[in-house]
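# Report on the structure
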Amino acid sequence: MSPPSPRAGAPRAVVGVLALQGDFAEHAQMIESLGARAVEVRSPAELDEVEGLVLPGGESTTLSMLLDWSGVREPLERRLRSGMPALGTCAGMILLAREVVGGRPDQRTFAAIDLGVRRNAFGRQVDSFEADLDVEGIEGGAMHAVFIRAPVVERVGPGVEVLATVEVAGVHRPVVCREGAVLVAAFHPELAGDGRLHALLIDAVLTARRSGVSAAP
Ligand code: GLN
């Protein structure tokens, strides 16, 4: 099946980038370079404008606190529950997972994808590393992945598709996963200049737009 494309004259997909902390600017540039409109989201009003959201890398404990202070947590929880497409990378993946191990005791997640993740768990000697990944469903060759104090997926729920794994110390760890319209990656695709995961998010937004799913309340 070819990916959905907007009809001629249809408005561009409006994709938010959670801009409370972390490397949101690179994600916004990536979204714009793919022809969608990027909106930096720091408030509930900005969240209302968007049809999908990137949750970037950064520090998930800090992001979790800023989500509360900004008032974005509750409306975002509602949007995710009602099926808004999302892409979470690294800390963003932690925020979207069902369980997190090694977080602050008061760190809360959205439980938008049925994964159990452990923070900073690839081990000290591999705090940061790079790998070339084959990602299921993504064409055009391997994806160069930059991992920075990345989370390790320790549990994958039955409804979750694992689209790519990386082998570390003889163990294959899931690093790209999807459940419904929620896509997560343990690495930073924006740092390698690879927009193919962002393109999947934009496709999901256009699909959701047709079915009325991602319309803001
Ligand atoms: N280690 C960070 C955390 O636990 C994530 C790192 C990143 O996003 N690059 O939140």
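The coordinates are above.
One structure accompanies this document, and this report is about it.

What counts and what doesn't
Residues numbered from 1 in each chain as written. Predicted model: local features only at pLDDT ≥ 70, side-chain atom pairs only at ≥ 80, totals over all residues. Heavy atoms only, no water. Pairing = 2+ DSSP bridges. Helix = DSSP H or I, 4+ residues; strand = E, 2+ residues; numbered from the N terminus. Axes fitted to C-alpha atoms, helices over the stretch in contact; angles between N-to-C directions. Contact = heavy atoms within 4.5 Å. Core = buried A, V, L, I, M, F, W, Y, C linked by side-chain atoms within 4.5 Å. Buried < 20%, exposed > 50% of the residue type's maximum accessible area, 1.4 Å probe, protein only. Polar contact = N/O pair within 3.5 Å; in protein donor to acceptor, adjacent residues only side chain to side chain. Near = heavy atom within 4 Å. Areas by Shrake-Rupley, 256 points an atom, 1.4 Å probe, with all protein chains shown as cover. Nonpolar A, V, L, I, M, F, W, Y, C, P; charged D, E, K, R; others polar. Salt bridge = Lys/Arg side-chain N within 4 Å of Asp/Glu carboxyl O. Phe/Tyr/Trp six-rings, centres within 6.5 Å; stacked < 30°, edge-to-face > 60°. Arc of directions from axis to C-beta.

## Here's the deal with the sheet that holds strand β6 (residues 113-118)
Taken together, the three strands give an open sheet; going across it, the order is β5-β6-β9, and neighbouring strands pair in mixed fashion. Each having just a single partner strand, β5 (97-101) and β9 (152-156) make up the two edges of the open sheet. Put simply, the sheet's adjacent strands are angled 30 degrees from each other on average, direction ignored. With four bridges joining them, β5 and β6 adopt parallel strand pairing. Note that in β6 the partner of Glu99 across the bridge is Gly116.

## Some points on the environment of Ala111
Within the element layout of this structure, Ala111 appears in the loop between β5 and β6. C-alpha separation for the pair Ala111 and Val41, spaced 70 residues apart in sequence, amounts to 20 Å. Apart from residues no more than four positions distant in its own chain, Ala111 is found in contact with Leu95, Leu96, Ala97 and Arg98.

## Points about the nonpolar core
Membership of the largest hydrophobic core comes to 69 residues, with the highest contact counts inside it found for Leu96, Leu115, Phe147, Val175, Val176 and Phe187. Residue contacts for Leu96: discarding those within four places in its chain leaves Leu55, Leu80, Ala86, Leu87, Gly88, Phe110, Ala111, Ala112, Ile113, Val182 and Val184.

## Observations regarding the side chain of Ser60
Locating Ser60 in the fold gives a position in helix α3 (residues 60-70). The exposure class of Ser60 is buried, given its relative accessible area of 1%. Side-chain polar atoms of Ser60 contact the side chain of Gln107, separated by 2.9 Å. A polar contact of 3.4 Å, which involves the side chain of Ser60, links it to the side chain of Arg119.

## Regarding the site of the ligand
Inspection of the region around the ligand gives Gly57, Gly58, Glu59, Ser60, Cys90, Ala91, Ile94, Arg119, Asn120, Ile148, Arg149 and His188 as its neighbouring residues. For the ligand, an oxygen atom lies 3.0 Å from a polar atom in the backbone of Ala91. When the free accessible area of the ligand is taken as 300 Å², the share hidden by the protein chains comes to 96%. When its residues are assigned to classes, the shell around the ligand shows four nonpolar, five polar and three charged.

## Here's the deal with the pattern of salt bridges
Tallied over the full model, the rule gives 14 salt bridges. Residue Glu161 is joined to Arg178 by a salt bridge in which the shortest nitrogen-to-oxygen separation is 3.1 Å. Of this pair, Glu161 sits in strand β10 (residues 161-168) while Arg178 sits in strand β11 (residues 171-179), and the two are 17 residues apart along the sequence. Overlapping salt bridges bring together Arg98, Glu99, Asp114 and Arg155 as one network.

## Side note on the packing of aromatic side chains
A complete count under the given rule lists two aromatic pairs for this structure. Taken together, a centroid distance of 4.4 Å and an interplanar angle of 5 degrees make the contact between Phe129 and Phe147 stacked. Linking Phe129 in strand β7 (residues 128-133) with Phe147 in strand β8 (residues 143-148), this pair joins segments that are 18 residues apart in sequence. In this structure, Phe129 and Phe147 share a single accessibility class: buried. Through successive ring pairs, a cluster of aromatic residues spans Phe129, Phe147 and Phe187.

## With respect to the sheet that holds β10
With mixed pairing, the seven strands of this open sheet are ordered in space as β2-β1-β3-β4-β12-β11-β10. Looking at which strands have only one partner, the edges of the open sheet turn out to be β2 (37-41) and β10. If you compare each strand with its neighbour and ignore which way they point, the axes differ by 20 degrees on average. In terms of strand pairing, β11 meets strand β12 (residues 182-185) through four bridges, oriented antiparallel.

## Some words on α3
Those residues of α3 that sit buried are Ser60, Thr61, Leu63, Ser64 and Leu67. Looking straight down α3, one finds that the buried residues subtend no more than 165 degrees of arc, so they occupy a single side. Buried residues belonging to α3 abut β1 (14-18), α4 (73-81) and α5 (91-96). Of the residues flanking the end of α3, it is Gly71, one or two places downstream, whose phi is positive at about 80 degrees.

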